[in-house]
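Coordinate analysis (summary)
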Amino acid sequence: MEPLATALWYAASGVPVLPLHTGGGGGRCSCRRPHCDRPGKHPRWHPRLITAGLHQATTDPDQVVRWWTAWPRANVGLRTGVTVDVCDVDTPVGLRLLSALVDDAAVPAVRTGSGGLHLYFAATGAPNRVRVLPGVDWRGKDGYVVAPPSIHANGRRYRWIRHGPAPDCPSELISLVMPPPPPPPPVVRYPTRYAAAALDNEAIRVRSAPVGQRNNTLYRAARSLGRLAAAGHLGEHEVTDALTHAARAAGLGAYETARTIRSGLTAARRASTADAVPR
Ligand SMILES: [Zn+2]
């Protein structure tokens, strides 16, 4: 099939297409730059026809006709991540590793101009990823592949070796392709009802402690709430805030208050560490 007819067929099946430069054999590229680094693989550019490459890939047949009328021999790029993703296998080792995960005989496949293999799966939502396995890359969201009947820089054509609907990607392969989940957010522990009540009670006790008992009461409160903090029911900063307020309201000095709370919390921490030591 001619590039235009094939591009229209891809577009009609819902895969956005874009015109690429064409390989000319011997490593040449239709862009004619002497040192093109991606011969036959990069998007065409024209101020009135296409300026944003991949981002203008389309399924609109009129646009496809305009492009391939301007460049009848343009290679056909397919945007991945929309309806299909492509598993790009470059080496025999890669193919062997992949075959252990996927029944590749059931997957539509293209023999690339360089002799590699493109396996077509239903889009997974995964982004591009290199080295999913040694010799295996993934083309997903915001990626594209060169498709038949494009011509590689070595002069050979890309060709379909298996047709058919793109199947879902098997879970064994998806787990390699999907980026690892982001680390969990830091745990914020809200006071359980019991811990919140304990916090209120201790603060009241400190606030109403008679002169002569204030410092002792504060220390005991800090140690007791410190045990709840060590168990994760309260944050130490919450304990410090509540007790500081209460102690200052009771008339204790700032320095003494801070020191007493700190030593109560430290004692609680030590006690809970000792608890945790297996006997
Ligand atoms: Zn080029």
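Rules behind the numbers
- Residues numbered from 1 in each chain as written.
- Predicted model: local features only at pLDDT ≥ 70, side-chain atom pairs only at ≥ 80, totals over all residues.
- Heavy atoms only, no water.
- Helix = DSSP H or I, 4+ residues; strand = E, 2+ residues; numbered from the N terminus.
- Rg over C-alpha atoms; globule rule 2.2 N^0.38 Å.
- Buried < 20%, exposed > 50% of the residue type's maximum accessible area, 1.4 Å probe, protein only.
- Areas by Shrake-Rupley, 256 points an atom, 1.4 Å probe, with all protein chains shown as cover.
- Lys, Arg positive; Asp, Glu negative; His and termini not counted.
- Charge placed at Lys NZ, Arg CZ, Asp CG, Glu CD.
- Donors = N, O, S within 2.8 Å, 3.2 Å for Na, K, Ca; no water.
- Core = buried A, V, L, I, M, F, W, Y, C linked by side-chain atoms within 4.5 Å.
- Contact = heavy atoms within 4.5 Å.
- Axes fitted to C-alpha atoms, helices over the stretch in contact; angles between N-to-C directions.
- Parallel < 35°, antiparallel > 145°, perpendicular 65-115°, else oblique.
- Left-handed = near helix turned anticlockwise from the far one by under 90°.
- Nonpolar A, V, L, I, M, F, W, Y, C, P; charged D, E, K, R; others polar.
- Domains from an automatic or database assignment.
- Pairing = 2+ DSSP bridges.
- Salt bridge = Lys/Arg side-chain N within 4 Å of Asp/Glu carboxyl O.

On to the overall build of the chain. Counting its secondary structure elements, the chain contains eight helices and nine strands. Whereas a compact globule of 279 residues would reach a radius of gyration of roughly 19 Å, the chain reaches 33 Å, over 25% beyond that. Expressed as a percentage of the 279 residues in the chain, the buried residues total 42%. As displayed, the chain has an accessible area near 15300 Å², and 55% of this comes from carbon and sulfur atoms. In the chain, the 34 positive side-chain charges and the 20 negative ones have mean positions that sit 6 Å from each other.

Here we come to the coordination of the zinc ion. Protein ligation of the zinc ion involves C29 (SG), C31 (SG), C36 (SG) and H42 (NE2), the donor distances falling in the range 2.0 to 2.3 Å. Mapping the donors of the zinc ion onto the primary sequence yields the spacing C-x1-C-x4-C-x5-H.

As a further point, take the nonpolar core. Within soluble globular proteins, side chains that are nonpolar generally end up buried alongside one another. The biggest cluster of nonpolar side chains holds 26 residues, and the ones touching the most others in it are V17, W68, V76, L78 and Y120. When residues in this core are grouped by element, the largest group, four residues, is from strand β8 (residues 143-147). The residues touching W68, leaving out its near neighbours within four places in the chain, are P3, L4, A7, V17, L18, P19, A74, N75 and V76. Formed by 19 residues, the second largest nonpolar core is a distinct cluster that contains L225, L228, L234 and I261.

This brings us to the packing of helix α1 (residues 3-12) against helix α2 (residues 61-70). Look at α1 against α2: their axes get within 10 Å of each other, and the N-to-C directions meet at 160°. Between α1 and α2, the interaxial angle falls into the category roughly antiparallel. With respect to the hand of their crossing, α1 and α2 are arranged in right-handed fashion. Every residue of α2 that contacts α1 at P3, L4, A7, L8 and A11 is listed here: P61, V64, V65 and W68. When grouped by side-chain class, the residues that make up the contact of α1 with α2 number nine nonpolar, no polar and no charged.

What follows concerns the domain arrangement of the chain. In terms of domain boundaries, the chain breaks down into domain 1 (3-177) and domain 2 (193-276). Placing a centre on the C-alpha atoms of domain 1 and another on those of domain 2 gives a separation of 65 Å.

Further remarks concern the sheet that holds β8. Pairing within the open sheet is antiparallel, and its three strands lie in the order β1-β2-β8. Because the sheet does not close on itself, it has two edges, and the strands there are β1 (17-20) and β8. Each strand axis lies, on average, 35° off the axis of its neighbour in the sheet, ignoring direction. As paired strands, β1 and strand β2 (residues 75-80) are joined by four bridges and run antiparallel to one another. Within the sheet, the bridge partner assigned to V17 lies in β2 and is L78. The strands that α1 touches are β1, β2 and β8; relative to β2, the one it contacts most, it runs at about 10°. Against the sheet, α2 makes contact with β1 and β2, and its axis sits at roughly 10° relative to β1, the strand it touches most.

Under the counting rule described, the total for this entry stands at five salt bridges. One salt bridge connects D142 with R79, and the closest N-O pair in it is separated by 2.8 Å. Here the residue D142 occupies a position in the loop between β7 (136-139) and β8, and R79 occupies one in strand β2, the gap between them amounting to 63 residues. A relative accessible area of 46% means that D142 is categorised as partly exposed. Among the residues examined, R79 registers a relative accessible area of 15% and is labelled buried. Across the salt bridge formed by D88 and R139, the nearest N and O atoms sit 3.9 Å from each other. One end of the pair, D88, is in strand β3 (residues 84-89); the other, R139, is in strand β7, with 51 residues separating them in the sequence. What makes D88 buried here is its relative accessible area of 10%.

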